[in-house]
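Okay, here's what each chain looks like letter by letter:
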Amino acid sequence: MAADGAEEDAHYHVDRIGTESGGGGLSTTLRDLARFGETMRNHGRFNGRQIVPSQVVEDIARGGDPEKFKPAGYTTLPSASYRNQWWITHNAHGAYMARGVHGQGIYIDPKAEMVIARYASHPMAGNAANDPVTLPAYMALAKALMAG
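These notes cover the structure that comes with them. Given the structure is predicted, the values throughout are model-derived calculations rather than measurements.

**Some details on the nonpolar core**
If you look at the biggest cluster of nonpolar residues, it comprises 14 residues, and the most contacted ones within it are Leu 77, Met 97, Tyr 107, Met 114 and Leu 135. The element that contributes the greatest number of residues to this core is helix H4 (residues 131–147), accounting for 4 residues.

Structural data, given as structure tokens:
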């Protein structure tokens, strides 16, 4: 393991001719997923190195126009937007998320200086099935961290 890198090799799922999908199929350890979340929370920096350009992270965190996103009908994300494969909450903490199927994801709360990495196996693939529990839980954790 490199002192400034991932703990384990990541794997990317490919099709039968070796082509990867940009929309899914990344396999990492939970700790390495959290490291990536922490890199994003720190504007692309990790262990003193700029890994992701800060302008890219700022563009993601800024998000898109929630009014343009509203017709998509994501009732559990009423003021959200989607940008560059990230879901932006536009909440008071400026939280944004990478969301996978069956409850997997990264939740980044810049105001609380918090990153949650989650692997899960919820029986429903869509996040709307677990959002009513997880999103309030994430906010409660953030508030508890901020309260000391």
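Moving on from the coordinates now.
**Describing the environment of Gly 25**
With respect to the element layout, Gly 25 can be found in the loop between strand E1 (11–12) and strand E2 (26–27). The partly exposed category is assigned to Gly 25, whose relative accessible area is 28%. Residues Gly 25 and Val 14, 11 residues apart in the sequence, show an inter-C-alpha distance of 7.7 Å. Setting aside anything within four residues of it in sequence, one finds Gly 25 in contact with His 11, Tyr 12 and His 13.

**A short note on unusual backbone geometry**
Glycine aside, residues mostly have negative phi angles, and peptide bonds mostly take the trans form. One non-glycine residue with positive phi stands out, namely Asn 47, at about 50°. By the element assignment, Asn 47 lies in the loop between strand E3 (45–46) and strand E4 (49–50).

**Looking at the sheet that holds strand E9 (residues 114–118)**
The strand order across the open sheet built from 5 strands is E5-E6-E7-E8-E9, with neighbouring strands paired in antiparallel fashion. Every other strand in the sheet has two partners, leaving strand E5 (81–83) and E9 as the edge strands with one partner each. Within the sheet, the average angular offset between the axes of one strand and its neighbour, ignoring direction, is 20°. Sheet topology places strand E8 (residues 105–109) next to E9; 5 bridges connect them, and they run antiparallel. In the strand pairing of E9, Gly 105 is matched with Arg 118.

**Description of the pairing of E8**
Successive side chains on a regular strand alternate, one facing one side of the sheet and the next facing the other. Counting buried positions along E8 gives 5 out of 5 residues, so the element sits mostly inside the fold. Here E8 shows a buried face lined by Gly 105, Tyr 107 and Asp 109 and a second buried face lined by Ile 106 and Ile 108. In terms of strand pairing, strand E7 (residues 96–99) meets E8 through 4 bridges, oriented antiparallel. Bridge pairing in E8 places Ala 98 opposite Ile 106. In textbook terms, the turn of a hairpin is the stretch between consecutive antiparallel strands, and for E7 and E8 this stretch comprises 5 residues, one of which, His 102, has a positive phi near 60°.

Calculation notes
The residue count restarts for each chain, going from 1 along the sequence in the order it is written. Confidence filtering applies because this is a predicted model: local features only for residues at pLDDT of at least 70, side-chain atom pairs given and counted only at 80 or more, and all residues used for totals across whole chains, interfaces and linings. Water and hydrogen atoms play no part in the side-chain values, which are based on all heavy atoms of the structure. Each nonpolar core is a collection of buried residues, namely Ala, Val, Leu, Ile, Met, Phe, Trp, Tyr and Cys, held together in the definition by side-chain atoms within 4.5 Å. Here the term buried applies to any residue with accessible area under 20% of the maximum for its type, exposed to any over 50%, and partly exposed to those in between, with areas from a 1.4 Å probe on protein chains only. Helical segments are the DSSP runs of H or I of at least four residues, strand segments are the runs of E of at least two, and each set is numbered from the N terminus. We call two residues in contact whenever any of their non-hydrogen atoms come within 4.5 Å of each other. Only strands joined by at least two bridges in the DSSP assignment are considered to pair. Only the stretch in contact is used when a helix axis is fitted, and all axes are lines through C-alpha atoms; the angle between N-to-C directions ranges over 0 to 180 degrees.

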